[in-house]
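So the chains spell out like this:
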Amino acid sequence: MHTLLVADRDITYDGRQLAPHWIYRNFDMLGDAAVAFLGPCHVDLSEMVDIEDVKAQAPIFSPRMLHVIAEFFSSDLHTTVYRQRLLIVTAKELLEAMTDRQVTRRGDDLYLPRADGSPGKLSVSIATASPTSTLIHTGLNIETEGTPVPTVGLAELGVDPAAFGARLLRHYADEVNDIWLARCKVRAVG
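Residues numbered from 1 in each chain as written. Predicted model: local features only at pLDDT ≥ 70, side-chain atom pairs only at ≥ 80, totals over all residues. Heavy atoms only, no water.

Student: Looking at this structure, I do not really get the nonpolar core. What am I missing?
Tutor: Inside soluble globular proteins, nonpolar side chains tend to come together where they are buried. Membership of the largest hydrophobic core comes to 29 residues, with the highest contact counts inside it found for Leu66, Leu122, Leu140, Leu154, Phe164 and Leu168. Those elements that provide at least two residues to this core are β2 (33–43), β3 (60–72), α3 (77–99), β5 (109–113), β8 (134–143), α4 (154–157) and α5 (161–184). The contact partners of Leu140, leaving out residues within four places of it in the chain, are Arg64, Met65, Leu66, Leu110, Leu122, Ser123, Leu154, Phe164 and Leu168. (Core = buried A, V, L, I, M, F, W, Y, C linked by side-chain atoms within 4.5 Å. Buried < 20%, exposed > 50% of the residue type's maximum accessible area, 1.4 Å probe, protein only. Helix = DSSP H or I, 4+ residues; strand = E, 2+ residues; numbered from the N terminus. Contact = heavy atoms within 4.5 Å.)

In structure tokens form, the structure reads like this:
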């Protein structure tokens, strides 16, 4: 992954951004790429790709999030789910280093204790496949007013979302590239 960008404008994430070539159409970045942007999140059930959430009638809403869209031009959804988890683990590590707070990961979700000690959900994330690529959306709450579940946000952690987004993209791309190089440097056995 060589192409990264933090958008300079707010974008409302409504699920339609999780589409093949959305990054290329909107940011002129062709090939494997990732974009971070800030904006609200409002995903109606009709646009959701997580069938479990659709069956639970659980639309996604946040007044303001840091969003990451990543697109890989491969058809292997299994590998993309690994890449999604790598993005989540990278976010967890960076947040812990920046805030000295313990972040809990459950699958592809991140949690932090709320003021009352109960767990607050920090993130949403999904990986999916299209006919031409595989895609990831990860959103980290910035503000939490009106969210449908108990949440925490980057604002209450004192984390600058745009700066964190840039750092997250760079660290994530470094990991993806390092994995690619690691598989290229070994000889075959047998």
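Student: Sorry, what's going on with the layout of surface pockets here?
Tutor: Gaps between atoms show up when a probe of the same size as a water molecule is rolled over them. What the largest pocket holds in volume is close to 570 Å³. As for the largest pocket, its lining consists of 32 residues, of which Asp53, Ile60, Lys121, Val124 and Ser125 are closest to the centre. Among the residues making up the lining of the largest pocket, the classes are represented as 16 nonpolar, nine polar and seven charged. (1 Å grid on protein atoms, 1.4 Å probe; cavity = no way out; pocket = protein on both sides within 12 Å on 5 of 7 lines; lining within 4 Å. Points joined across faces, edges and corners; volume = space filled by probe spheres on them. Nonpolar A, V, L, I, M, F, W, Y, C, P; charged D, E, K, R; others polar.)

Student: When you look at the pairing of β5 in this model, what are you seeing that I'm missing?
Tutor: Looking down a regular strand, the side chains alternate between one sheet face and the other. In terms of burial, β5 is a largely internal element, four of the five residues being buried. Note: strand β4 (residues 104–106) against β5, three bridges, orientation antiparallel. Paired with Arg105 across the bridge in β5 is Leu110. Connecting β4 to the next strand, β5, in antiparallel fashion are two residues, including Gly107 with a positive phi near 65°. Pairing of β5 with strand β6 (residues 119–121) involves three bridges; the strand directions are antiparallel. Paired with Pro113 across the strands is Pro119, a residue of β6. Here β5 hands over to β6 after five residues, with Gly117 in that stretch at a positive phi of 90°. (Pairing = 2+ DSSP bridges.)

These values are about where atoms sit, not about what they do.
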